[in-house]
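Next come the chains, spelled out residue by residue.
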Amino acid sequence: MKLWSGRFGKDTDALVDALNASIPFDQRLYKEDIQGSQAHAAMLAKQGIITKEDNEAIQKGLRQILLDIEKGEMEFKLDQEDIHMNIESRLTEQIGQAGKRLHTGRSRNDQVALDFRLFVRRHIPTVISQLLQLEKAICQKAAQHKNTVMPGYTHLQRAQPISFAQHLLAYGAMLKRDVTRLEDCLERLDECPLGSGALAGTTYPIDRHQTAQALGFAAPMENSLDGVSDRDYALELLSDLSILMMHLSRFSEEIILWCSWEFKFIELDDAYSTGSSIMPQKKNPDVAELVRGKTGRVYGSLITLLTVMKSLPLAYNKDMQEDKEPVFDALDTVEMCLPVFTAMIETMKVLPENMRRAAGHGFINATDCADYLTRKGLPFRDAYTLVGQLVAQCTAQNKTLEELTLPELQKASPLFEEDIYQSLNLENCMALRASYGGPAPAETSRQIENLEQFIAEHTPKEESK
Ligand code: ARG
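The text that follows walks through the structure, step by step, so that each part is easy to find. (Residues numbered from 1 in each chain as written. Predicted model: local features only at pLDDT ≥ 70, side-chain atom pairs only at ≥ 80, totals over all residues. Heavy atoms only, no water.)

Moving on: the overall build of the protein chain. Assigned secondary structure in the protein chain consists of 20 helices and six strands. In summary, the protein chain has a C-alpha radius of gyration of 30 Å against a globular reference of 23 Å for 465 residues, an excess of more than 25%. C-alpha atoms of the protein chain, sized along the principal axes, occupy 100 × 50 × 40 Å. With 465 residues in all, the protein chain has 51% of them scored as buried. For the protein chain, restricting intrachain contacts to residue pairs at least 6 apart in sequence, the fraction spanning at least 24 positions comes to 76%. For the protein chain, the exposed area adds up to about 22,200 Å²; of that, 53% sits on carbon and sulfur atoms. (Helix = DSSP H or I, 4+ residues; strand = E, 2+ residues; numbered from the N terminus. Rg over C-alpha atoms; globule rule 2.2 N^0.38 Å. Buried < 20%, exposed > 50% of the residue type's maximum accessible area, 1.4 Å probe, protein only. Contact = heavy atoms within 4.5 Å. Areas by Shrake-Rupley, 256 points an atom, 1.4 Å probe, with all protein chains shown as cover.)

Relative to strand 2 (residues 157–163), strand 1 (residues 149–154) runs antiparallel, the two sharing six bridges. Along strand 2, the bridge assignment pairs Val149 with Ser163. Between the antiparallel neighbours strand 1 and strand 2 lie two residues, among them His155 with a positive phi of about 55 degrees. (Pairing = 2+ DSSP bridges.)

Within the largest apolar cluster, 93 residues are counted, with the highest numbers of intra-cluster contacts made by Leu241 and Ile255. The dominant element in this core, judged by the number of residues it contributes, is helix 11 (residues 232–259), at 14 residues. Setting aside its immediate chain neighbours within four residues, Ile255 contacts Ile266, Leu268, Ala288, Met344, Ile345 and Met348. (Core = buried A, V, L, I, M, F, W, Y, C linked by side-chain atoms within 4.5 Å.)

Attention now moves to the pattern of salt bridges. What the rule picks out here adds up to 24 salt bridges. Two residues, Arg117 and Asp230, come together in a salt bridge whose shortest N-O distance is 2.6 Å. Taken together, the residues Arg117 in helix 7 (residues 108–144) and Asp230 in the loop between helix 10 (224–229) and helix 11 connect sequence positions 113 residues apart. Each member of the pair, Arg117 as well as Asp230, is classed as buried. Close ionic contact of Lys283 with Glu267 constitutes a salt bridge, the shortest N to O distance being 3.1 Å. Here the residue Lys283 occupies a position in the loop between strand 5 (266–267) and helix 12 (286–309), and Glu267 occupies one in strand 5, the gap between them amounting to 16 residues. (Salt bridge = Lys/Arg side-chain N within 4 Å of Asp/Glu carboxyl O.)

Following the sequence through the fold, Ser301 ends up in helix 12. The exposure class of Ser301 is buried, given its relative accessible area of 4%. Those residues within four positions of Ser301 in sequence are excluded, and the remaining contacts are Leu238, Pro326, Asp329 and Ala330.

Turning to the environment of Leu268, a few remarks are in order. Its location among the elements puts Leu268 in the loop between strand 5 and helix 12. Given a relative accessible area of 5%, Leu268 falls into the buried group. Sequence separation of Leu268 and Met344 is 76 residues, and the distance between their C-alpha atoms is 7.0 Å. Dropping the residues within four chain positions of it, Leu268 is found in contact with Ile255, Cys259, Ser273, Lys283, Pro285, Met344 and Met348.

Residues in contact with the ligand, as listed here, are Ser22, Asp26, Asp82, His84, Arg108, Asn109, Val112, Tyr316, Lys318, Gln321 and Lys324. Note that a nitrogen atom of the ligand is positioned 3.5 Å from one of the side-chain N or O atoms of Arg108. Considered on its own, the ligand offers 350 Å² of accessible surface; in the complex 86% of this is hidden by protein. Of the residues forming the shell around the ligand, the biggest block, three residues, is contributed by helix 7. (Near = heavy atom within 4 Å. Polar contact = N/O pair within 3.5 Å; in protein donor to acceptor, adjacent residues only side chain to side chain.)

There is a patch of like negative charges on the surface, built from Glu191, Glu222, Asp226 and Asp232. Within the secondary structure layout, Glu222 lies in the loop between strand 4 (219–220) and helix 10. (Patch = residues over 30% accessible without salt bridge, like charges linked within 9 Å, V, L, I, M, F, W, Y side chains within 5 Å. Lys, Arg positive; Asp, Glu negative; His and termini not counted. Charge placed at Lys NZ, Arg CZ, Asp CG, Glu CD.)

The next thing to look at is helix 16 (residues 380–397). Taking 1.5 Å of rise per residue, 18 residues should cover 26 Å, and helix 16 covers 25 Å from first to last C-alpha, within 8% of that figure. Burial in helix 16 covers these residues: Ala383, Leu386, Val387, Leu390, Val391 and Cys394. The arc that holds every buried residue of helix 16, seen down its axis, measures 150 degrees, which confines them to one face. Projecting away from the buried face of helix 16 at angles above 90 degrees are the exposed residues Arg381, Gln389, Thr395 and Ala396. Buried residues along helix 16 sit against helix 15 (366–375) and helix 17 (406–412). Residue Asn398 follows helix 16 closely and has a positive phi angle near 55 degrees. (Expected span 1.5 Å × (residues − 1). Arc of directions from axis to C-beta.)

What follows concerns the packing of aromatic side chains. Enumeration according to the criterion identifies ten aromatic pairs in this entry. Ring centres of Phe164 and Trp258 lie 5.5 Å apart, and the angle between their planes is 65 degrees; on these two criteria the pair is classed as edge-to-face. Here the residue Phe164 occupies a position in helix 8 (residues 164–188), and Trp258 occupies one in helix 11, the gap between them amounting to 94 residues. Of the two residues, Phe164 and Trp258, both sit in the buried class. (Phe/Tyr/Trp six-rings, centres within 6.5 Å; stacked < 30°, edge-to-face > 60°.)

Another point: the environment of Gln80. Inspection of the secondary structure puts Gln80 in the loop between helix 4 (52–70) and helix 5 (83–95). By relative accessible area, which is 10% here, Gln80 ends up buried. For the pair Gln80 and Ser22, spaced 58 residues apart in sequence, the C-alpha separation works out to 9.4 Å. There is a polar contact of 3.4 Å between the side chain of Gln80 and the side chain of Ser89.

A separate point is the state of the cysteines. For the structure shown, the criterion picks out zero disulfides. Cys192 provides the cysteine sulfur closest to Cys185, a residue in no disulfide bond, and the two sulfurs are 16 Å apart. Under the relative-accessibility criterion, Cys185 is labelled buried at 1%. (Disulfide = S-S within 2.5 Å.)

For the rest of this paragraph, the subject is unusual backbone geometry. Of note, the amide linkage connecting Leu314 to Ala315 takes the cis form, showing an omega dihedral of 0 degrees. One non-glycine residue, Leu156, lies in the positive phi region at around 60 degrees. Even without being a glycine, Lys264 presents a positive backbone phi close to 50 degrees. Counting through the fold element by element, Lys264 comes out in the loop between helix 11 and strand 5. By relative accessible area, which is 15% here, Lys264 ends up buried.

Structure, rendered in structure tokens:
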């Protein structure tokens, strides 16, 4: 029998039960549901709304249900709809009358709002820790490649010389923002919806400050209608995860390019690559491709929830039951992708000679050549035009700039002297880019130090899971 069957003349149709029930997926909220009920019952007793004895029976019963669920000994029933009613009816089955008092002054609307918020709050530190592990891997690899020259690209055309460290540290900077975005989300969700009731609070003398504090929130939510209908924290989480996956998909795309024979800047470890069923020579970067591909489903989750919430009138509407699966799926996806992505980065073999060879072609020192002439007094715009002509000449002769002889260079401008070859040397070009944030080794060292400090400062205190 349904908990709410009182006003109904007959049972719901089986198809309605199937549509209506959320227990197949919201059973993942069991821990949060029990935690919330324990805080609620304790508050009811403290306020004299239920007796001390009833509270003790409820607490004991809930502890037992928690153990049963964790041992796989609780059968979830579809006709009990959701995790809230499954737990409540089991409690009443086990402890009798006291179980029926648990829901005093509470509704499933504030109950689910609380459970879901607690779930999001519990998972964010996990994602942050995983991000910081990836940051660590980036620091370690970057430290080994401060002097590894590679071409930096714009429009996927070779542009200017950078180091592999500098390239990796760009991802380090992106992921730092992902960490702080998730921290912001945690900070804003730090308000407790419990006690908002169905939508309009309650006539019982409940103490919302007490439950908020017991559940580790900074304060109760200010408005009961907002309390039951706010899902901003889930949307923020999904936005944060979408941006994070966008970063990982860009990184993945580069990994995929870098392992191609056209680049061959890196080689992935065998443990993080796969083969082909027909082409014996193939070693495919499936991990990076899957991370890139899974980005789509995380974006999908964000759009799903945004669309569910769009135009919903206040306060609770059953549409909102559709909030959980996208969040579960996005968290599962990110929590699966991050560790394997980190391991792929840790174990990849970097091939500096190939990077250096690629850097040697494509005139990535042309800007440096123009800067040389500018230092000797030519206005930059004129130097730019002159070097452009030299590049055209070199292209016609299939030469690099540094392969031009001094007389050839001096024919273009008398300002060229023997020291031009120092300025065209790629290692020098990279190392001289020492402006703040540039690829010079001193600058990448500074970035690595800051990133290490960031990791230490942002590691979540206790890793609850
Ligand atoms: N399973 C529901 C959900 O996830 C719980 C809240 C139901 N509230 C209601 N008034 N039917 O949203």
